[in-house]
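Spelled out, the chains give:
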Amino acid sequence: KPQGGANMRRLLTRKVTRITTRPSTYLGITIRKLPFPSLETKETRPLSTEASQELRISESCCKRLMELKEKKNEDFRLRVRVDSGGCSGFQYEFVLEPMKAENEEGDSVFEENGATVVVDEASMEFLKGSTIDYEQELIGSKFIVAANPNSESACGCGVSFSPKM
């Protein structure tokens, strides 16, 4: 009767043999390939194939930007960035900057009803097809990215998200 260690090895060998396919030999060692693809052979695809190139600006976002312009008596625009961080991996960042600020190379500028939103090239990859909105709740008000087709999941506060890969 085999001892405990031998039984365990036999049991593990049987289980491994069941989930592997076509063994191959490398440097005299038999390697069994797992039935799922390795990370090296993983195909890459765009973040979202159905996402349009456009970024939409909601009516409430336009209205709030116009209110702020009138209140501060300044002409400015909203810059939206995606940066690493947050509880889901990436986070949205909203910055009000003067309208006369120079555009960075690769910036996309969107205008609607007098409101201007600027997105840098790297962030645009994560925001294609999204809507920039302004949300008012009892706990506060803020600009948000709504209906992002490139987001797999988001945190409860809506500031960070996990992109589709």
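Since we're looking at a predicted model, the values are computed, not measured.

Enquirer: Give a detailed account of the packing of aromatic side chains, specifying residues and quantitative values.
Expert: Considering all chains together, one arrives at six aromatic pairs under this definition. Between the aromatic rings of Phe90 and Phe126, the centroid separation amounts to 4.9 Å while the plane-to-plane angle is 35°, which identifies the pairing as tilted. Remark: Phe126 occurs in helix 3 (residues 121–127) and Phe90 occurs in strand 5 (residues 90–98); sequence separation between them is 36 residues. The exposure class of Phe90 is partly exposed, given its relative accessible area of 22%. Overall, Phe126 belongs to the buried group, its relative accessible area being 16%. Arranged with centres 6.3 Å apart and planes meeting at 35°, the rings of Phe94 and Phe143 form a pair that is tilted. Of this pair, Phe94 sits in strand 5 while Phe143 sits in strand 9 (residues 140–146); the two residues are 49 residues apart in sequence, bridging distant segments of the chain.

Enquirer: Please give an account of the confidence of the model for the chain that cites residues and values.
Expert: With 66% of its residues at a pLDDT of at least 70, the chain reaches an overall mean of 75. At the low end of the mean pLDDT range in the chain sits helix 1 (residues 4–19), at 45; at the high end sits strand 7 (residues 115–119), at 95. A low-confidence stretch, residues 8–22 (pLDDT under 50), is modelled with 11 contacts involving residues beyond four sequence positions or located in other chains. Across residues 30–52, where pLDDT falls below 50, the model places 32 contacts with residues more than four positions away in sequence or in other chains.

Enquirer: Please give an account of the pairing of strand 6 (residues 108–112) that cites residues and values.
Expert: For strand 6 and strand 7, the ladder comprises five bridges, and the chain directions are antiparallel. Counted as the bridge partner of Val109 is Val118 from strand 7. Connecting the antiparallel pair strand 6 and strand 7 is a turn made up of two residues, with Asn113 showing a positive phi of about 50°.

Enquirer: An account of the environment of Ala154 is needed here, citing residue identities and associated values.
Expert: In this fold, Ala154 is placed in strand 10 (residues 151–154). Taking the C-alpha atoms as reference, Ala154 lies 6.4 Å from Ser88; in sequence the two are 66 residues apart. Once residues lying within four places of it in the same chain are set aside, the contact partners of Ala154 are Ser88, Ser160 and Phe161.

Criteria and cut-off values
Residues numbered from 1 in each chain as written. Predicted model: local features only at pLDDT ≥ 70, side-chain atom pairs only at ≥ 80, totals over all residues. Heavy atoms only, no water. Phe/Tyr/Trp six-rings, centres within 6.5 Å; stacked < 30°, edge-to-face > 60°. Helix = DSSP H or I, 4+ residues; strand = E, 2+ residues; numbered from the N terminus. Buried < 20%, exposed > 50% of the residue type's maximum accessible area, 1.4 Å probe, protein only. pLDDT = per-residue confidence, 0-100. Contact = heavy atoms within 4.5 Å. Pairing = 2+ DSSP bridges.

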